[in-house]
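# Understanding the architecture of this molecule
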Amino acid sequence: MPDITWESPFCAEGSSCFRIGTDSDGNGYIALNGQEERYLTDSLEALRTLITDIKAGKADHLL
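Remember, it's a predicted structure, so these values are computed and weren't measured experimentally. (Residues numbered from 1 in each chain as written. Predicted model: local features only at pLDDT ≥ 70, side-chain atom pairs only at ≥ 80, totals over all residues. Heavy atoms only, no water.)

Once that is clear, we can look at the overall build of the protein chain. In terms of regular secondary structure, the protein chain is built from one helix and five strands. Ordered by position from the N terminus, the helices and strands of the protein chain form the series β-β-β-β-β-α. Principal-axis analysis of the C-alpha atoms places the extent of the protein chain at approximately 35 × 25 × 15 Å. Expressed as a percentage of the 63 residues in the protein chain, the buried residues total 19%. Only carbon and sulfur atoms are counted for the fraction: they give 53% of the accessible area of the protein chain, which is about 4800 Å². Distance between charge centres in the protein chain, computed from 5 positive and 11 negative side chains, equals 5 Å. (Helix = DSSP H or I, 4+ residues; strand = E, 2+ residues; numbered from the N terminus. Buried < 20%, exposed > 50% of the residue type's maximum accessible area, 1.4 Å probe, protein only. Areas by Shrake-Rupley, 256 points an atom, 1.4 Å probe, with all protein chains shown as cover. Lys, Arg positive; Asp, Glu negative; His and termini not counted. Charge placed at Lys NZ, Arg CZ, Asp CG, Glu CD.)

Written out as C-alpha cells, the structure reads:
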C-alpha cells in the first residue's frame, strides 16, 4: 500500500464521511472514513477536476 497522507474526514449531514489523501508521487485518493484500505486513486489533476465538477452540479442527476 502506498504511503498516503489522509486529510481529516469530510462529513455531510446524514451521509458517509469521506477522506481525501495524497502521496509523494502526486496521486490523489478518496476513501470512506474507516475504510482507507479500499480507495479510489488517480492523479491530483483528475481528483481536482472531479471535485470541481461535483461542486458545479455536474453530478446532481445521480442524487
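Anyway, onward from the coordinates.
On to the confidence of the model for the protein chain. Mean pLDDT over the protein chain stands at 90; residues scoring 70 or higher make up 97%. Within the protein chain, strand β2 (residues 10-11) has the poorest average pLDDT of any element, 89, and strand β1 (residues 5-6) the best, 96. (pLDDT = per-residue confidence, 0-100.)

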